[in-house]
Amino acid sequence: MISQPYRLHVERSDPSRNMARYYAMSIEPNLFGDICLLRKWGRIGTKGRMMVHHLGREEEAVRLFLDLLRKKRNRGYRPRASLPK
């Protein structure tokens, strides 16, 4: 069981370079009770790509989550201004 929800959606836009990207992550249990880190990324408005990391413990998932968040923030990704309607 996960002690608290971990969800993130950040975006990076630069109209001069025709760049509009998103990156989303969440930590969730799978059907077998394992902890998984789900990552989704791509161009805003598209389905994008997805990767699932199966981890043994929640602490490992949180460590990877925070490491990836740090890397994305260093590359200019920021939380979106508002939720889409």
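It should be noted that the structure appears before, not after, this text.
Residues numbered from 1 in each chain as written. Predicted model: local features only at pLDDT ≥ 70, side-chain atom pairs only at ≥ 80, totals over all residues. Heavy atoms only, no water.

Focus on the pairing of strand 1 (residues 6-14)
Then step 1. Across 9 bridges, strand 1 lies against strand 2 (residues 19-29) in antiparallel orientation. What sits directly across from Val10, in strand 2, is Tyr23.
Then step 2. In this structure, the hairpin formed by strand 1 and strand 2 is closed by a connection of 4 residues, where Asn18 is found at a positive phi of approximately 55°.
Then step 3. Relative to strand 5 (residues 78-79), strand 1 runs antiparallel, the two sharing 2 bridges. Paired with Glu11 across the two strands is Arg78, which belongs to strand 5. (Pairing = 2+ DSSP bridges. Helix = DSSP H or I, 4+ residues; strand = E, 2+ residues; numbered from the N terminus.)

Looking at the environment of Arg49
Then step 1. Along the chain, Arg49 falls in strand 4 (residues 49-55).
Then step 2. Taking the relative accessible area as the measure of exposure, Arg49 reaches 59% and is therefore exposed.
Then step 3. Considered as a pair, Arg49 and Tyr23 are 26 residues apart in the sequence and their alpha carbons are 9.7 Å apart.
Then step 4. Not counting residues up to four positions away in its chain, the partners in contact with Arg49 are Arg39, Lys40 and Trp41. (Buried < 20%, exposed > 50% of the residue type's maximum accessible area, 1.4 Å probe, protein only. Contact = heavy atoms within 4.5 Å.)

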